[in-house]
Amino acid sequence: MINRNIKAIALSVPAAILLTALSASLAQSGAASLHGWVAFENVAYVDKQPKAKVVLQHDPAGSDPAYSTETDEHGFFEFPHTSLGRFKLEITAKGFQRYSADVYIPSDFAGNWAVQLKAETPTAKSP
């Protein structure tokens, strides 16, 4: 009985070490992604959605190239592969107020972001 327990422990210890090493190597892959959806004030989801420009810029600005994309016909956007660190996320669309947020993207991050852009208020023209 004791011999069987010792054999079981002897076999499970290397397996545990191997699993720990594998999970540690996979845990910090450095991969990151950001997906999102932009809704537009006063535009129904079933209507054709305006296009929005989505920019993910390293913070401080200019330290690395920015990632840029546009929303699709349903308002979705995707940055499938980004670097890690602090970013400024900016979303702009004609006729809507600019949206800006600070974002931190760590290793192995797969984030989702949803925002509703507010319609621009018409400016009164002076006579």
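Provided above is the structure to which this section pertains.
## Observations regarding the pattern of salt bridges
Counting across every chain of the model gives three salt bridges. The salt bridge partner of K88 is D102, with a shortest N-O separation of 2.8 Å. With K88 in strand 5 (residues 85-92) and D102 in strand 6 (residues 99-105), this residue pair connects regions lying 14 residues apart in the sequence. Here R98 and E90 are joined by a salt bridge, their closest N and O atoms 2.9 Å apart. Using a relative accessible area of 27% as the deciding quantity, one classes E90 as partly exposed.

## What to know about the sheet that holds strand 2 (residues 53-58)
By way of backbone hydrogen bonds, the strands of a sheet pair with one another, either parallel or antiparallel. Strand order across the open sheet formed by four strands is 3-2-5-6, with antiparallel pairing between neighbours. One side of each edge strand has no neighbouring strand; the edge strands of this open sheet are strand 3 (67-70) and strand 6. The mean angle between the axes of side-by-side strands here comes to 20°, regardless of whether they run parallel or antiparallel. As paired elements, strand 2 and strand 5 share six bridges and run antiparallel to each other. Bridge pairing in strand 5 places V54 opposite I91.

## Focus: a nonpolar patch on the surface
Nonpolar side chains collect at one region of the surface, where Y45, V46 and F76 lie side by side and expose about 350 Å² of accessible area between them. One can find V46 in the loop between strand 1 (32-40) and strand 2.

## Quick word on the sheet that holds strand 4 (residues 76-79)
With mixed pairing, the three strands of this open sheet are ordered in space as 4-1-7. Since the sheet does not close on itself, it has two edges, and those belong to strand 4 and strand 7 (109-117), each with one partner. Direction aside, neighbouring strands of the sheet carry axes that sit 15° apart on average. By the bridge criterion, nine bridges tie strand 1 to strand 7 in an arrangement that is parallel. Looking across to strand 7, one finds that A32 is bridged to F109.

Cut-off values and rules
- Along each chain, residue indices are assigned from 1 in the same order as the chain's sequence is written.
- A pLDDT threshold of at least 70 governs which residues receive local features in this predicted model, and a stricter bar of 80 or more applies before side-chain atom pairs are shown or counted, although totals over entire chains, interfaces and linings include all residues.
- With hydrogens and water excluded, all non-hydrogen atoms of the structure serve as input to the side-chain values.
- The term salt bridge refers to a side-chain nitrogen of Lys or Arg lying within 4 Å of a carboxyl oxygen of Asp or Glu.
- Runs of E in the DSSP output that reach at least two residues are strands. Runs of H or I that reach at least four are helices, and both are numbered from the N terminus.
- Any residue under 20% of the maximum accessible area for its type is buried, any over 50% is exposed, and the rest in between are partly exposed; the area is computed with a 1.4 Å probe on protein chains only.
- Paired strands, in this sense, are two strands between which DSSP finds at least two bridges.
- Fitted lines through C-alpha atoms serve as axes, helices being fitted only where they are in contact, and the angles separating the N-to-C directions of these axes extend from 0 to 180 degrees.
- To count toward a patch, a residue needs a relative accessible area above 30% and no salt bridge. Like charges then connect within 9 Å, nonpolar side chains (Val, Leu, Ile, Met, Phe, Trp, Tyr) within 5 Å.
- Residue exposure ignores everything except the shown protein chains as possible cover, and the areas themselves are Shrake-Rupley values with a 1.4 Å probe.

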